[in-house]
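Below, each chain spelled out in residue letters.
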Amino acid sequence: MKNMDYYLPCRLVTGKDCVNEKGEVLSSLGRRCLLVSGRHGALASGALQDVCALLKRLGIAWELFDKVEPNPLISTARRAGALAAEMSAGFVVGIGGGSALDCAKMAAVFARNDLPGDSVYTVQKRWEHPPLPIVLVGTTAGTGSEINKYSVMTSDLTGRKKSVGADCDYARVVFGDPKYTLSLPYRYTVSTALDALTHASEGFFSKAANEMTDAAALAAVERIVPVLASLREDGPISWEQREDLYYGSLFGGMVIAHIGTCYCHAFGYYLTEEYGAPHGTACAFFLPDYLSRAKELLPQKAARYERACGGTIEALGEAVRRLNAYTPPPLSREELSQVATRRWTGPGAGANQFLRTPGRFGEAEIRDTFLRVFLKQS
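Thresholds, definitions, all that
Residues numbered from 1 in each chain as written. Predicted model: local features only at pLDDT ≥ 70, side-chain atom pairs only at ≥ 80, totals over all residues. Heavy atoms only, no water. Helix = DSSP H or I, 4+ residues; strand = E, 2+ residues; numbered from the N terminus. Rg over C-alpha atoms; globule rule 2.2 N^0.38 Å. Buried < 20%, exposed > 50% of the residue type's maximum accessible area, 1.4 Å probe, protein only. Contact = heavy atoms within 4.5 Å. Areas by Shrake-Rupley, 256 points an atom, 1.4 Å probe, with all protein chains shown as cover. Pairing = 2+ DSSP bridges. Axes fitted to C-alpha atoms, helices over the stretch in contact; angles between N-to-C directions. Polar contact = N/O pair within 3.5 Å; in protein donor to acceptor, adjacent residues only side chain to side chain.

### Re the overall build of the chain
Piece 1. Summing up its helical and strand segments, the chain has 17 helices and eight strands in all.
Piece 2. For 378 residues, the compact-globule estimate of 2.2 N^0.38 gives 21 Å, and the chain sits close to it at 20 Å.
Piece 3. Overall size of the chain, expressed as C-alpha extent along the three principal axes, is 55 × 45 × 45 Å.
Piece 4. Of all 378 residues assigned to the chain, the portion counted as buried reaches 58%.
Piece 5. Restricting to contacts in the chain with at least 6 residues of sequence separation, those with at least 24 account for 82%.
Piece 6. When the accessible surface of the chain is totalled, it reaches about 15500 Å², and 52% of it is carbon and sulfur.

Structural data, given as structure tokens:
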């Protein structure tokens, strides 16, 4: 447990108005940049206006690519990368939630690399040319994408989501200002917070965990759980709560930067791809089961986790179900078994998420867990 290899090369700048107060660091990255965002979030949060004002003050020219969709397609990142190359951008700035930030990272890769089709999944970690420098400005308190190297991209060919990431894909600079989350509605706030909690929880009990990632995971839990416990449907969310959720999500991002995720995310991708469930909602659907299993297998670690969240895992599981309020599609046992067999079991299907899951998690466990969670909550 004490043998650690922890690499986090990005500069993290946080606090209210940090873009305006610490943004001069961008001057060293180039005289032109491409801004990558979704259609609404960056503008509604005020982050886009702050970044544009900063660039104008620094004399840096920019163009805006604001066509990032939820669960972004590889082709979207490729189009953004082509625009960055065409304008001779010196760097890429991603502004938004996880989809925009993930797309910005891959746009920086595509700006300097010709990667046809789905080759990004097979060539990753061996880009022929290093990506453009990346700057990220988060506007949601959930994905932790600001602080990790991963981009979850959707294949145009298969419709499946898969993560891509190399050490050179970390951002040079991350601006973390909780004020950009103030515009998020209640339901979106809950979904993203549950995503951050899932990152921390999966990582804490993962086979790949170490003392450094455990510390970050517990820091996330200590901030996120009390806020979630206090939320009421469409009730007000204070500035202090927004701060705790956002900084908790950054700690969660530090965890997955080194640990990755476990079966909550593997199974959650199915709900997003097939039924359009929001990412955080989909992953958190499996979180109570993951925590119960972890408590049975790792009781000492579970006791530390419970101290951090100020209650039992069982109580937290019930709170997650209440907050998530997600009803799965009505699938039969036979249909669920076919899904599990087709996607996650059999030769060559041993996804890293399952290998990192605590305890033995082979074909039988994959199928049984997927069926149990669905049938229990449907």
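### Some points on the sheet that holds strand S1 (residues 11-14)
Piece 1. Read from one edge of the open sheet, six strands run S1-S8-S5-S4-S2-S3, paired in parallel fashion. A single partner strand is all that each edge strand has here, and the edge strands are S1 and strand S3 (61-68). Direction aside, the axes of adjacent strands within the sheet are offset by 20° on average.
Piece 2. Of the pairings in the sheet, the one linking strand S4 (residues 91-96) to strand S5 (residues 134-138) comprises five bridges and is parallel in character. Along S5, the bridge assignment pairs Val93 with Val135.
Piece 3. Sheet strands in contact with helix H4 (residues 74-86) are strand S2 (32-38) and S3, and its direction is about 170° off that of S3.
Piece 4. Across the sheet, helix H5 (residues 98-110) lies against S2, S3, S4 and S5, angled at about 170° from S4, the strand it touches most.

### Here we look at the environment of Leu331
Piece 1. When you line up the elements, Leu331 lands in the loop between helix H14 (313-324) and helix H15 (333-344).
Piece 2. In the structure, Leu331 is positioned 203 residues away from Glu128 in sequence and 44 Å away in space, judged by C-alpha atoms.
Piece 3. If sequence neighbours within four positions are ignored, Leu331 has contacts with Tyr270, Tyr275, Leu336, Phe374 and Leu375.

### Side note on the side chain of Lys161
Piece 1. Take Lys161: it is sitting in strand S7 (residues 161-165).
Piece 2. Of note is the side chain of Lys161, whose polar atom sits 3.1 Å from the side chain of Asn71.
Piece 3. When sequence neighbours within four positions are dropped, the list of residues in contact with Lys161 reads Asn71, Val152, Met153, Thr154, Tyr269, Thr272, Glu273 and His279.

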